[in-house]
Amino acid sequence: AVKHAAALDVKAREIWIALGYASVFATMFNYIAMTWTNKYVEASVVSAFMTLQPVATVILSAVFLSYHVEVPQIVAGVVVIGGLLVTSYGQTIERHATTSNAAGRRLSSPVDEEGMDDPTDEEQRKQLTSSADSKSGDDYC
């Protein structure tokens, strides 16, 4: 760690180069990548994974710049990754429930408020099965 700014011996030109690099790669590239990713993945997934940026920065700094990672940073990284895992798991459960419901499965039993079976469901089931039984395989070609 640097105790005094004078120990850095940074020149104005190096500061502008660093600022330009950060603007182009750390900011512009990031937002272009997020925009591209939003075409293929839900926005909630993209925003959840954005929380990995600081974690990746610390890891890359430790690997390439010999940055000393301290315990609070490790704890924060574990919290971020844990939160991301919980969010991803929740989205998977939600997607599975939505897919199951869209496939025609009911999440609750077909009983109305008075405890009677819903007649429309039974009628629809009979119509679907009778129409499927009456058609031959040649009709679908």
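In this text the structure is predicted, and so the values were computed from the model without any measurement.

A. Quick look at the overall build of the chain. Assigned secondary structure in the chain consists of 5 helices and 0 strands. Counting from the amino terminus, helix and strand elements in the chain follow one another as α-α-α-α-α. Of all 141 residues assigned to the chain, the portion counted as buried reaches 9%. Taking contacts inside the chain between residues at least 6 apart in sequence as the whole, the part at least 24 apart equals 41%. Looking at the chain as shown, the accessible area adds up to about 12,100 Å², and 65% of this sits on carbon and sulfur atoms.

B. Region of the structure containing the environment of Thr87. Within the fold, Thr87 resides in helix α4 (residues 71-102). Expressed as a C-alpha distance, the spacing of Thr87 and Phe49, which sit 38 residues apart in the sequence, is 9.7 Å. Engagement of the side chain of Thr87 in a polar contact is seen with the backbone oxygen of Gly83, the distance being 2.8 Å.

C. Here's a closer look at the confidence of the model for the chain. For the chain, mean pLDDT is 75; residues scoring 70 or higher make up 65% of the total. For the chain, the element scoring lowest by mean pLDDT is helix α5 (residues 119-134), at 59; helix α3 (residues 52-64) scores highest, at 88.

D. Here's a closer look at α3. Between its terminal C-alpha atoms α3 stretches 18 Å, which fits the 18 Å expected from 13 residues at 1.5 Å a residue. At the C-terminal side of α3, Ser66 shows a positive phi close to 55°.

E. Just helix α1 (residues 12-38), in detail. Compared with the 39 Å implied by 1.5 Å per residue over 27 residues, the 38 Å span of α1 between its first and last C-alpha is a close match. At Met28, α1 shows its largest bend, some 30°.

F. Broad picture of the side chain of Asn30. Mapped onto the fold, Asn30 is located in helix α1. Ignoring anything within four residues of it in the chain, the contact list for Asn30 reads Phe25 and Gln53.

G. The arrangement of the side chain of Ser61 in detail. Inspection of the secondary structure assignment puts Ser61 in helix α3. Apart from the residues within four sequence positions on either side, Ser61 is in contact with Ser66 and Tyr67.

H. Structural detail: unusual backbone geometry. Here the phi dihedral of Ser66 falls at roughly 55°; this positive angle occurs in a residue that is not glycine. The residue Ser66 is located in the loop between α3 and α4 in this model.

Rules used in this analysis
Residues numbered from 1 in each chain as written. Predicted model: local features only at pLDDT ≥ 70, side-chain atom pairs only at ≥ 80, totals over all residues. Heavy atoms only, no water. Helix = DSSP H or I, 4+ residues; strand = E, 2+ residues; numbered from the N terminus. Buried < 20%, exposed > 50% of the residue type's maximum accessible area, 1.4 Å probe, protein only. Contact = heavy atoms within 4.5 Å. Areas by Shrake-Rupley, 256 points an atom, 1.4 Å probe, with all protein chains shown as cover. Polar contact = N/O pair within 3.5 Å; in protein donor to acceptor, adjacent residues only side chain to side chain. pLDDT = per-residue confidence, 0-100. Expected span 1.5 Å × (residues − 1). Bend = angle between axes of the 7 residues up to and from the residue.

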